[in-house]
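Residue-level structure breakdown
This is what each chain is made of:
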Amino acid sequence: MNPSELLRIVDAIHRDKNIDKEVVFAGIEAALVTAAKKHYGEDQEIVIRINREDGTITGTHNGIEMTPEEMAERIGAQTAKQIIIQKIREAERDALYAEYSELMYQLVTGVVHRMELVPHNDKKVKIWTIALSNTEAFLPEWELIPGQPLHMNERIRAIVCDVKKKGTKVYIELSRARVQFVERLFEHEIPEIADGVIQIRAIARDPGYRTKVAVSSTDPRVDPVGACVGIRGNRIKNIVEELGGERIDIVPYSDDMQKMVPNALQPAEVEEVILCPMLGRAIALVREEQLSLAIGKRGQNVRLASKLCGWDIEIMTQQELDRRIEKAIADFTSLEGISEELAERLIGEGFLTYDDLSVIEPSALMAMGNLSEAQVAQIIQQAEQKVEETEKLAASEKERAKQAEQSRTKAQKQEATDKSA
C-alpha cells in the first residue's frame, strides 16, 4: 500500500464512518504490529509508525529499524489487510457506541425496516428493526405502546434505552413505553419546557392507557398546566396522537403533599388528606360518588397518583375511615401492652391494621408508649401472629369458596345431563 493510497483510505473512513483520523491511524498501526508479530513472535518488541502528513510507514524490531522491503516481506499483505479491516470495524463500533451512549433516553427518528420473531423467556416475541440515520436499532414488543401497531417503512420516534457492544457491532435498543419517551415529547412540543421556564417534576405512566405529569413554573406569570395544554389543546393533542390516544393528565406540582395528593388524583375531587409519614401513606377522603373516579378503572388512577407523589395513597370515604378507626382501636387494645391511649396515638400516625403494626420501627413504638424494648418486641410479635392468623383464615375461606363453586358447577352439569337423558 503506497503512502498516498493509505491517506486516501484514512480520509474516506473518516468521512464515511465519522471516525476521527487519529483513531484510524492508531488502528492501522496496531493492526500492522499484530501482523508483524505473527511473523517475528508475540514476545518481540515491534513498533510501527505512520506519518500523518505523507503516509509513509516506518518501524523497528527490537529497536532496530526495519526497511520498507523488510516490512513488506515480514508483514503479510493479506494478514495485514484482514487485521486492518477488523481494527477499522472496532473503531467504527466504538464511534457508534460513543455517539448513541450520549443519546441515552433522547429522541431518535427512524424507519421501520423489518420484524422478526425471536425466542425470549420460553416464548417467541416480536423484535422490530428500525433503520436510523447511520445504523440499525431494535425495538422489542415490550418497549412498544400496547395496542399501537407498527407498519413497514413507517417513520417513528423513540428513545434510546440501551446501548451495548457486541463483537464488532453495537446493539441499540429503543423504547416508546418508558416515561422518558413522554418527557422528551413534552420537551419537543412545549418550548417553555425546553427553555426551562416549565419543569416536569414527576411522571407516572401506564403505557397505552394513561399518563400523569406533574409540572411547575419558574415564572409566576406562566401557568404550567395551561402552557402544556396549549390553545384549544393543540400542544397536548400532538403528544396524545404520538402516543396513540393515550390519556394524559397534567397537574400542578407541589412539595406540600396536602396539595399534591389531591392534584395527583384529578379529575376526582378530594375532601381531605391525612398524611401518615411513618408509613409513607396518605389517606385521601372522598365523597361516595367520587370513590370510583378516585380509584379509577382497575385501580389505575390511584396507582398512578401514588407513583407521581411517591406516597402510598389509600382512598376512603369518611364513613369507611370511621369504621376502620373503630376496628383498629378494638384490635390494638386486644394486644397485651397497648392501652387505649397508645392505640389512639398509633391510629393518629396512620396505623390501622395488625399488618401496619407488625412493621413499625421498635424505637418509634417505644417513644410513643414509653415502653421497654421487651414490651415492644412482645407487641410486634403479637401483631405478626395476628397477621398470620388472618392470612390463614383468608386462604381457608378462599379454598372453601373454590370448592363450593366446583360443587355448583358439577351439580349444574349433572342436572343438564339428567335433563338431556
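Before going into details, it helps to say that this report is about the structure given with it. (Residues numbered from 1 in each chain as written. Predicted model: local features only at pLDDT ≥ 70, side-chain atom pairs only at ≥ 80, totals over all residues. Heavy atoms only, no water.)

1. Quick notes on helix α13 (residues 340-348)
Of all the residues in α13, the buried ones are Leu342, Ala343, Leu346 and Ile347. Looking straight down α13, one finds that the buried residues subtend no more than 140° of arc, so they occupy a single side. Structural note: α13 exposes Glu341 and Gly348 on the side pointing more than 90 degrees away from its buried face. Packed against the buried residues of α13 are α12 (318-333), α14 (354-358) and α15 (362-369). Two residues or fewer after α13 comes glycine 350, characterised by a positive phi angle close to 100°. (Buried < 20%, exposed > 50% of the residue type's maximum accessible area, 1.4 Å probe, protein only. Helix = DSSP H or I, 4+ residues; strand = E, 2+ residues; numbered from the N terminus. Arc of directions from axis to C-beta. Contact = heavy atoms within 4.5 Å.)

2. Quick look at the packing of aromatic side chains
The tally for this structure, following the rule as stated, stands at one aromatic pair. Aromatic side chains phenylalanine 138 and tyrosine 171 sit 5.4 Å apart centroid to centroid with 10° between the ring planes, which places their arrangement in the stacked category. Of the two residues, phenylalanine 138 sits in strand β6 (residues 136-140) while tyrosine 171 sits in strand β8 (residues 169-175), which places them 33 residues apart along the sequence. Above the face of the tyrosine 97 ring, lysine 165 is positioned so that its terminal group lies 4.9 Å from the ring centre. Positioned above the aromatic ring of tyrosine 171, the side-chain terminus of lysine 166 is 4.6 Å from the ring centre. (Phe/Tyr/Trp six-rings, centres within 6.5 Å; stacked < 30°, edge-to-face > 60°. Lys NZ or Arg CZ within 6 Å of the ring centre and 35° of its normal.)

3. Some thoughts on the pairing of strand β1 (residues 46-50)
The two faces of the sheet receive side chains in turn, since in a regular strand these alternate between them. Residue alternation in β1 divides its side chains into a buried set, Ile46, Ile48 and Ile50, and an unburied set, Val47 and Arg49. Pairing of β1 with strand β2 (residues 57-61), which is carried by five bridges, proceeds in the antiparallel orientation. In the sheet register, arginine 49 faces β2, and the bridge partner there is threonine 58. Connecting β1 to the antiparallel partner β2 that follows it, the hairpin turn spans six residues, and glycine 55 within it adopts a positive phi of roughly 80°. (Pairing = 2+ DSSP bridges.)

4. Comments concerning a nonpolar patch on the surface
Taken together, the side chains of Met115, Leu117 and Met152 present a nonpolar region at the surface, about 280 Å² in accessible area. Looking at the secondary structure, you find leucine 117 in strand β4 (residues 107-120). On the basis of relative accessible area, leucine 117 is assigned to the exposed category, the value being 53%. (Patch = residues over 30% accessible without salt bridge, like charges linked within 9 Å, V, L, I, M, F, W, Y side chains within 5 Å. Areas by Shrake-Rupley, 256 points an atom, 1.4 Å probe, with all protein chains shown as cover. Salt bridge = Lys/Arg side-chain N within 4 Å of Asp/Glu carboxyl O.)

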